[in-house]
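One letter stands for each residue in the lines below.
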Amino acid sequence: MDPGHAADATAGPAEAGRIETRGIEHVPEGERHGKPRELFWIWLAANVTYLYFVLGGVVLMLGLNLWQAILVVVAGNLYWLGVGALAVPGPASGTPSAVVSRAMFGVRGNRPLSAGIGWLTAICYEAINLALGAVAGFALADHLGLTVSVPIKGAILIGTAVFTFAISIYGHATIVKVSPWFTAVLSLFMVVLAVFVVAHTDPGYAPPPEQAGTNTLATVTIGVAVIAAVPLSWANGADYSRYLPRRVSKFRVLAFTALGGFVPAVVLGVLGVLAGTSIDMTDPQTTLASIVPGWFYPMVLLVIWLSSVSNNVLTAYSSGLCLQSVGVPVSRAGAVFIAAVLSVAMAAYALFVDNFIDSLSRLLEVTVVVLAPSMALFVADILLRRNRYDGLALNDERPASPFWYRGGFNVAGISAFAAGIAISALCVNTAAYQGPLSRALGGSDLTFLAGPAVTAFVYCLLWPRGTRRVRPAAPAVAKEHDHA
């Protein structure tokens with residue numbers, strides 16, 4: 001019997017305060033509950049995070065003026081519409097995103113190209129968030145008069161990880177339960193922070209001569225690519241919508257997911273831009289002290305720490321589902337623990353060996369090359385199939401599976417993905433590498449446009465031929481589906 005179906009029969013309903021036993025297997029309709037608006041609080045809690053504040057400052061440091069930087073923040077975050085679209089198959093299939101993507105790549109092709117890439121991306125962002133939280137913890141300890149030695153730093157990093165990954169191990173129902181509380185606390189403090197940041201904003205800010213870009217359009221595209229990298233990394237919308245009833249409104253699923261990420265990302269990104277007009281954003285945790293009252297500064301550091309935890313809760317949860325989808329024989333909770341160990345090691349390297357801001361910028365610039373085509377492929381498949389996904393069939397990993405295609409690979413999806421990555425690599429402009437098309441365009445980085453456009457075009461071209469090769473579902477699968 002297919003292991004995904006076996007697990008579907010044994011896993012019970014998710015309950016807050018109890019470790020979720022279900023992993024990537026199909027969620028039966030009888031265990032679906034809730035309303036799409038719950039998704040707004042889940043995504044809002046995860047994205048009221050200091051990372052966006054830092055990125056706003058990064059965009060300003062590229063050499064843009066105040067209004068150009070704000071425009072870049074808004075434009076890059078429009079990709080949250082794609083995250084919302086990727087949540088739509090959750091109620092239809094009852095499976096997480098890393099399983100739905102078998103429709104695009106095939107059962108075998110999906111393991112490295114969707115689940116594998118998704119897992120690696122999640123680990124990287126977990127490390128980023130851990131590092132951000134730990135840096136805030138270091139600053140808080142120093143503010144309280146402690147000697148922040150290497151052992152103390154290590155303890156703060158590990159303590160942050162323990163608190164974060166414990167919630168992720170408990171799973172979906174616990175995340176839904178705690179998300180409104182995270183949102184309330186973080187939003188309150190961010191509003192107060194906004195008051196002080198706006199009060200110290202220099203509306204006539206102009207970038208220093210050494211930062212001012214010679215090609216404004218090129219600088220704007222690089223900034224959009226950096227901002228877009230974060231929503232593009234959230235290719236896991238179905239992970240949190242799969243517990244909703246099948247017949248909920250698709251539009252509401254898309255809208256509440258997208259707004260939950262877009263609103264805090266834009267607000268905090270703009271605040272980072274505004275703060276960058278008056279403080280040094282290469283070390284914002286420390287320089288923030290110059291624009292907020294002394295009594296509020298330790299609260300700011302505490303909120304930075306808490307926001308890194310809230311963002312990592314979703315990232316870590318999804319990383320566990322991705323690792324299971326790769327085929328590693330481990331429980332969802334065990335997969336989250338593996339992610340915790342690896343991300344702590346990477347965060348330690350970023351904090352103690354390399355420059356953190358430089359590491360962050362390099363990572364975000366490069367990931368767009370792969371993540372933008374991946375999101376475009378997913379959205380194209382949803383539209384072409386009209387969101388008709390059979391969750392039980394998607395969990396069938398046998399050669400008789402309708403998503404086995406040829407030898408376990410969907411040539412249409414793989415070809416489109418490869419074409420999108422290839423054109424993205426030609427258009428990218430990072431500190432480490434600049435593609436020939438970027439050089440020809442005066443340094444512009446159009447990965448966030450060219451990659452998705454080519455991927456979607458090639459997939460639409462090849463998709464009809466690929467679907468004609470899909471094998472019919474085996475009788476056993478059909479029987480289980482009828483029973484469900």
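Residues numbered from 1 in each chain as written. Predicted model: local features only at pLDDT ≥ 70, side-chain atom pairs only at ≥ 80, totals over all residues. Heavy atoms only, no water.

Participant: Which residues make up the overall build of the protein chain, and what values go with them?
Facilitator: A count of helices and strands for the protein chain gives 23 helices and 0 strands. Counting the 484 residues in the protein chain, one finds 58% classified as buried. The contacts in the protein chain between residues at least 6 apart in sequence include a share of 85% that link residues at least 24 apart. A total accessible area of about 18700 Å² is found for the protein chain, and carbon and sulfur atoms account for 69% of it. (Helix = DSSP H or I, 4+ residues; strand = E, 2+ residues; numbered from the N terminus. Buried < 20%, exposed > 50% of the residue type's maximum accessible area, 1.4 Å probe, protein only. Contact = heavy atoms within 4.5 Å. Areas by Shrake-Rupley, 256 points an atom, 1.4 Å probe, with all protein chains shown as cover.)

Participant: Describe the packing of aromatic side chains, and please don't skip the residues or the numbers.
Facilitator: All chains considered together, the criterion is met by 12 aromatic pairs. With centroids separated by 5.0 Å and ring planes inclined at 80 degrees, the aromatic side chains of Trp43 and Trp234 adopt a geometry described as edge-to-face. Note that Trp43 is positioned in helix α2 (residues 37–47) and Trp234 in the loop between α12 (216–233) and α13 (238–241), a separation of 191 residues in sequence. Neither Trp43 nor Trp234 differs from the other in exposure class; each is buried. Geometrically, the ring pair formed by Trp43 and Tyr240 is edge-to-face, given 5.7 Å between the ring centres and 90 degrees between the ring planes. In this pair, Trp43 is assigned in helix α2 and Tyr240 in helix α13, connecting sequence segments 197 residues apart. Exposure remark for Tyr240: the relative accessible area of 2% places this residue in the buried category. The rings of Trp43, Trp80, Trp234, Tyr240 and Tyr317 are connected pair by pair, giving a single aromatic cluster. The ring of Phe138 has Lys153 lying over it, and the distance from NZ or CZ to the ring centre is 5.4 Å. (Phe/Tyr/Trp six-rings, centres within 6.5 Å; stacked < 30°, edge-to-face > 60°. Lys NZ or Arg CZ within 6 Å of the ring centre and 35° of its normal.)

Participant: How would you summarise helix α11 (residues 172–199) if you had to cite specific residues and measurements?
Facilitator: Taking 1.5 Å per residue, 28 residues should reach 40 Å; α11 reaches 40 Å between its end C-alpha atoms and fits that length. Along its length, α11 shows its largest kink, about 35 degrees, at Val178, and proline Pro180 lies within four residues downstream of that point. (Expected span 1.5 Å × (residues − 1). Bend = angle between axes of the 7 residues up to and from the residue.)

Participant: Explain empty space enclosed by the protein residue by residue, including any values.
Facilitator: Using the criterion set out here, one finds 5 cavities of 30 Å³ or more in the structure. Here the largest cavity is characterised by a volume of approximately 370 Å³. Residue lining of the largest cavity: 29 residues in total, with Gly118, Ser233, Trp234, Ala235 and Asn236 positioned closest to the centre. Elements with a minimum of two residues in the lining of the largest cavity: α3 (50–61), α7 (97–100), α9 (107–143), α12, α16 (297–326) and α18 (356–385). Counting residues per element, the lining of the largest cavity draws most heavily on α9, at 8 residues. Across the lining of the largest cavity, the residue classes tally to 15 nonpolar, 13 polar and 1 charged. The set of elements that each furnish at least two residues to the lining of the second largest cavity consists of α2 and α11. (1 Å grid on protein atoms, 1.4 Å probe; cavity = no way out; pocket = protein on both sides within 12 Å on 5 of 7 lines; lining within 4 Å. Points joined across faces, edges and corners; volume = space filled by probe spheres on them. Nonpolar A, V, L, I, M, F, W, Y, C, P; charged D, E, K, R; others polar.)

Participant: Give a description of the packing of helix α5 (residues 80–87) against helix α14 (residues 250–275) that names residues and reports values.
Facilitator: One can describe the packing of α5 onto α14 by two numbers: an axis separation of 7 Å at closest approach and a directional angle of 150 degrees. In terms of orientation, α5 lies roughly antiparallel with respect to α14. For the crossing formed where α5 meets α14, the hand is right-handed. Here Trp80, Leu81, Val83, Gly84, Ala85 and Ala87 of α5 come into contact with α14, specifically with Val253, Leu254, Thr257, Ala258, Gly261, Phe262 and Ala265. For the contact of α5 with α14, the per-class residue count stands at 10 nonpolar, 3 polar and no charged. (Axes fitted to C-alpha atoms, helices over the stretch in contact; angles between N-to-C directions. Parallel < 35°, antiparallel > 145°, perpendicular 65-115°, else oblique. Left-handed = near helix turned anticlockwise from the far one by under 90°.)

Participant: Give a description of the nonpolar core that names residues and reports values.
Facilitator: Generally speaking, nonpolar side chains in soluble globular proteins are found buried as a group. Core analysis: the largest hydrophobic core is formed by 112 residues, its most contacted members being Trp43, Met104 and Leu288. It is α16 that provides the largest number of residues to this core, a total of 11 residues. Apart from residues no more than four positions distant in its own chain, Met104 is found in contact with Leu377, Phe378, Asp381, Tyr389, Asn410, Gly413, Ile414 and Tyr459. One finds Ala131, Ala141, Ile156 and Leu157 within the second-largest nonpolar core, a separate group that totals 17 residues. (Core = buried A, V, L, I, M, F, W, Y, C linked by side-chain atoms within 4.5 Å.)

Participant: Describe the side chain of Ser97, with residues and values.
Facilitator: Along the chain, Ser97 turns up in helix α7. Using a relative accessible area of 3% as the deciding quantity, one classes Ser97 as buried.

Participant: Give me unusual backbone geometry: which residues, what numbers.
Facilitator: Unusually for a residue other than glycine, Arg386 sits at a positive phi of about 55 degrees. One can find Arg386 in the loop between α18 and α19 (391–394).

Participant: Pulling in residues and values, what's your account of the pattern of salt bridges?
Facilitator: Under the criterion given, the structure shown has 8 salt bridges. The salt bridge involving Glu20 is made with Arg332; its shortest N-O contact spans 3.8 Å. In this pair, Glu20 is assigned in the loop between α1 (3–10) and α2 and Arg332 in helix α17 (residues 332–352), connecting sequence segments 312 residues apart. For the residue pair Glu20 and Arg332, the accessibility class agrees, reading buried in each case. (Salt bridge = Lys/Arg side-chain N within 4 Å of Asp/Glu carboxyl O.)

Participant: Quick rundown of the packing of α11 against α16? Include the residues and the values.
Facilitator: Where α11 meets α16, the axes come as close as 10 Å, and the angle between the chain directions of the two elements is 150 degrees. Overall, the two elements α11 and α16 adopt an arrangement that is roughly antiparallel. Note that α11 runs across α16; the crossing there is left-handed. The residues of α16 that touch α11, namely those facing His172, Ile175, Phe182, Val185, Leu186, Phe189, Met190 and Leu193, are Met299, Val300, Val303, Leu306, Ser307, Val309, Ser310, Val313, Leu314 and Tyr317. Broken down by class, the residue content of the contact of α11 with α16 amounts to 15 nonpolar, 3 polar and no charged.

Participant: So, the confidence of the model for the protein chain: which residues are in play, and what are the values?
Facilitator: Per-residue confidence for the protein chain gives a mean pLDDT of 85, with 89% of residues at or over 70. In the predicted structure, residues 1–10 sits below a pLDDT of 50 and forms 19 contacts with residues beyond four places in sequence or in another chain. Low pLDDT, under 50, characterises residues 468–484; the stretch is placed with 23 contacts to residues that sit more than four places away or in other chains. (pLDDT = per-residue confidence, 0-100.)

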